[in-house]
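# Summary of structural features
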Amino acid sequence: MDLATLNRPPATRPLLLGSVAFAFFVILTRKLGALIVPNAVITKNVMLHIYWMRRFQDPDLFQNDLLTEFAASPFFAKKGLTTLYYLASYLVDPVTFCAVLPLILVPFTAFYLFRLGRLIKDNVTASSLVLLYLPMIWARDPSGLQRDFVLPLLVPFLYYLLRQRYGIVVLLLVLEGLFYPVIFLVSLGVFVLSIVELTEKRLHVDRKKAIYLVASLALAFALLAPDYLGYRNERLGPMVTRAQTLQMPEFHDGGHDAHFRNSVLDYLVWNLLPENKERPRYTRFLGLLYGSAIAVVATLWKGKRWHLPREIIALPLSAVGMFAVAHLFWPTFYHPSRYPELAVPLFAMIVVAADFLTAVQVWAQFGRRNEFIPHSSFIPGMLLAGLLLSSYVLVWKKPIVYVCPSPALHEYLATLPRDVLIAGHPLDMNWVPTCARRKVLVDDMHAVAFYQNYYREVRQRMFDFFNAYYASSPDTIRQFTEKYGIDYLVVDKTDFPRGGLVVMKPLFEPFRGYVRQLIARNAPAGFAILDYPYGEVAARSKDRFVIKVFRSTSGAVHKGAG
């Protein structure tokens, strides 16, 4: 496999078009199910970040809803993303648009990755870079959320920075700030490091670049200041402090947003190689990618046969540096893990794509001198092809979609008036705002402890709900429904012990232990909600049923809930 012919100019355009087409095919196979399967969503994060944007089409949805107010706050809903979804809402449902966006973002990223690889070295580098990017896409399953704009904005930024098209660089920095400030800060660090150069033991500053840097900072500040400095919401309150999170179980192992680990180094390594049950394929891919990059760097370290501009080398330095800053100023700078999450893998991909063949030539020369391998121009190409193919083998999995559970139940809930308030197990309630488009008292997705007043209220709602859900007295449930104005209760019989066996949904702390104690304490007397006298069963679906709560308790009627 001689790759020399691929680097000739006539091959550039076909390779570019082929790379973009292949990228579109890959992402289409991943996202087609979310477009054609009824009641399916592309990612569970739709239930936090996207569902509320249906208000752009129907303003009567989610009125006076604390959870929606939180989801629409600047902490989660960045101005660029919400503006894009608002414009798209004139044509398509926001949840559907969430599945459509990757079909645009992934080929767009592949286009600029090819151009970046060709700018750094040649066509083989460009094609290899795209082919290394797509296994990441396959393993991570990007959607139309703000995190999925990282590479579509970062890659063009690097490309135009190398091309010295600083006007476009400033525009991309501003867009990064509007869509995902995390990557804006990483790119800003790259820009700063590209301005400063050490020549003859003197620090030289590129004044032209510095002017554009100041302009980008001024523009970004003008656009972001209203959200980050001027935003005030008494219902949400101020953000939690680092000192508070150190004491909160929600931010430690077993919590909703486990942030703190044994050490900063352990935390960094854990996030660069995310070893968890949900993404084992991505972990294996990163292991192959980082191992290959380390082998290339170790081979070419002394020979100085690099093909990497200093702007590319600045990328991991900026990402890891911002990781340290964000760790110190958590949670003001958001999750520290987000900074190196994609920037470091992108750097590793560029290292492998640009210098793998050079490293192979060094290995081949060593092998020929020691008579390990025969002389052949096909060996480098075969090894590169083997590396690329193995990366696809590691990440292979069937396309998946997330389908709404109990569709019949959610169809019933969708027929209720828009202003009703529904209470149920927080994990069951995750789907209600998205599938039924109705308000819930509390759900697992929104139980995020970043705003003090907000989480104080949500935490109390969680405790109050479980006290009522597992209560042995119907009066406890009645007091709960009256306190919050609950109109309907959703009950899942599998949440309650059967034959002495307790099967709990996977709650996070501090609620998991609290619910265990409630069940153990109230089980002997029985659970009142299973046979609630102050309501009537309005709908059933397998083990779940919906209780319509009576507004007046004077006419309580016993309705068997079974």
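In what follows, the accompanying structure is described. (Residues numbered from 1 in each chain as written. Predicted model: local features only at pLDDT ≥ 70, side-chain atom pairs only at ≥ 80, totals over all residues. Heavy atoms only, no water.)

A word on the overall build of the protein chain. In terms of regular secondary structure, the protein chain is built from 22 helices and nine strands. What you see for the protein chain is a C-alpha radius of gyration of 27 Å, in line with the 24 Å of a compact globule of 562 residues. With respect to the principal axes defined by its C-alpha atoms, the protein chain has extents near 90 × 50 × 50 Å. The buried share of the protein chain, reckoned over its 562 residues, is 53%. Sequence separation of at least 24 residues holds for 72% of the intrachain contacts in the protein chain that already meet a minimum separation of 6. Side-chain charges in the protein chain split into 59 positive and 41 negative, and the spacing between the mean points of these groups amounts to 7 Å. (Helix = DSSP H or I, 4+ residues; strand = E, 2+ residues; numbered from the N terminus. Rg over C-alpha atoms; globule rule 2.2 N^0.38 Å. Buried < 20%, exposed > 50% of the residue type's maximum accessible area, 1.4 Å probe, protein only. Contact = heavy atoms within 4.5 Å. Lys, Arg positive; Asp, Glu negative; His and termini not counted. Charge placed at Lys NZ, Arg CZ, Asp CG, Glu CD.)

Let's shift gears to helix α20 (residues 452–469). Between its terminal C-alpha atoms α20 stretches 25 Å, which fits the 26 Å expected from 18 residues at 1.5 Å a residue. In this structure, the buried side of α20 is in contact with α3 (66–71), β5 (421–424), α18 (426–429), α21 (474–484), β7 (488–492) and α22 (511–522). (Expected span 1.5 Å × (residues − 1).)

It is worth spelling out the layout of surface pockets at this point. Looking at the second largest pocket, its volume works out to about 840 Å³. Every residue lining the second largest pocket is counted, 30 residues in all, and those nearest its centre are Asp227, Tyr228, Leu229, Met239 and Thr332. Taken together, the elements giving at least two residues each to the lining of the second largest pocket come down to α9 (181–195) and α10 (207–228). Ranked by residue count, the leading element in the lining of the second largest pocket is α10, at seven residues. Along the lines of polarity and charge, the residues of the lining of the second largest pocket split into 23 nonpolar, four polar and three charged. (1 Å grid on protein atoms, 1.4 Å probe; cavity = no way out; pocket = protein on both sides within 12 Å on 5 of 7 lines; lining within 4 Å. Points joined across faces, edges and corners; volume = space filled by probe spheres on them. Nonpolar A, V, L, I, M, F, W, Y, C, P; charged D, E, K, R; others polar.)

Turning next to the nonpolar core. If you look at the biggest cluster of nonpolar residues, it comprises 183 residues, and the most contacted ones within it are Phe157 and Leu346. The element that contributes the greatest number of residues to this core is helix α15 (residues 338–369), accounting for 17 residues. When residues no more than four places from it in sequence are discounted, the contact partners of Leu346 are Leu113, Leu151, Leu154, Val155, Leu158 and Leu315. (Core = buried A, V, L, I, M, F, W, Y, C linked by side-chain atoms within 4.5 Å.)

Here Asp443 lies in the loop between β6 (439–440) and α20. From its side chain, Asp443 meets the backbone nitrogen of His446 in a polar contact 2.8 Å long. Apart from the residues lying within four places of it in its own chain, the contact partners of Asp443 are Leu67, Pro426, Met429, Asn430 and Pro433. (Polar contact = N/O pair within 3.5 Å; in protein donor to acceptor, adjacent residues only side chain to side chain.)

The next subject is the sheet that holds strand β9 (residues 544–549). Spatially, the five strands line up as an open sheet ordered β6-β5-β7-β9-β8, and their pairing is mixed. Two strands close off the open sheet at either side, each with one partner strand: β6 and β8 (535–541). Two strands pair when backbone bridges link them, and β5 and β7 are joined in this way by three bridges, in the parallel orientation. Bridge pairing links Ile422 to Tyr488 in β7. (Pairing = 2+ DSSP bridges.)

Before going further, it helps to spend a moment on the state of the cysteines. A full pass over the atoms with the stated rule returns zero disulfides. With no disulfide of its own, Cys98 lies closest to Cys435 among cysteine sulfurs, the gap being 13 Å. For Cys98, a relative accessible area of 0% gives the class buried. (Disulfide = S-S within 2.5 Å.)

Here β8 runs beside β9; their pairing, made up of six bridges, is antiparallel. Paired with Ala539 across the strands is Val546, a residue of β9. What sits between β8 and β9 in their antiparallel hairpin is a turn of two residues, with Lys542 showing a positive phi close to 55°.

In this section: unusual backbone geometry. At the junction of Trp330 and Pro331, the peptide bond is cis and its omega measures out at 0° in the coordinates. Turning to its location among the elements, Pro331 is positioned in the loop between α14 (310–328) and α15. Cis geometry marks the peptide bond from Glu509 to Pro510, where omega comes out at 10°. Unlike most non-glycine residues, Arg437 shows phi in positive territory, near 60°. As for its placement among the helices and strands, Arg437 is situated in the loop between α19 (432–436) and β6. Accessibility expressed as a relative area gives 32% for Arg437, which makes it partly exposed.

According to the stated counting rule, one finds 41 aromatic pairs in the structure shown. When the ring of Phe70 is compared with that of Tyr451, the centres are 6.1 Å apart and the planes differ by 90°; the resulting orientation is edge-to-face. Separated by 381 residues along the polypeptide, Phe70 in helix α3 and Tyr451 in the loop between β6 and α20 bring together distant segments of the chain. Note on accessibility: Phe70 and Tyr451 belong to one class, buried. Counting every residue linked through ring pairs, the aromatic cluster contains Phe70, Phe75, Phe76, Phe251, Trp330, Tyr334, Phe450, Tyr451 and Tyr454. Cation over ring: Arg30 sits above Trp138, and NZ or CZ is 4.4 Å from the ring centre. The ring of Tyr534 has Arg478 sitting right over it, with the charged end atom 5.3 Å from the ring centre. (Phe/Tyr/Trp six-rings, centres within 6.5 Å; stacked < 30°, edge-to-face > 60°. Lys NZ or Arg CZ within 6 Å of the ring centre and 35° of its normal.)

Within the structure shown, the criterion is met by 19 salt bridges. For Asp58, the salt bridge identified is with Arg418, shortest N-O distance 2.8 Å. Of the two residues, Asp58 sits in the loop between α2 (46–49) and α3 while Arg418 sits in the loop between α17 (407–414) and β5, which places them 360 residues apart along the sequence. The buried category is assigned to Asp58, whose relative accessible area is 18%. For Arg478, the salt bridge identified is with Asp475, shortest N-O distance 3.2 Å. With Arg478 and Asp475 both in helix α21, this residue pair falls three residues apart, about one helical turn. For Asp475, a relative accessible area of 31% puts it in the partly exposed group. The network of salt bridges with shared partners includes Asp428, Asp492, Asp495, Lys505 and Arg544. (Salt bridge = Lys/Arg side-chain N within 4 Å of Asp/Glu carboxyl O.)

The subject of this paragraph is the side chain of Thr12. Of note, Thr12 is situated in helix α1 (residues 12–36). The exposure class of Thr12 is buried, given its relative accessible area of 14%. Within the structure, the side chain of Thr12 is placed 3.0 Å from the side chain of Asn123, a separation counted as a polar contact. Thr12 has contacts with Phe114, Arg118 and Asn123, leaving out every residue within four places of it along the chain.

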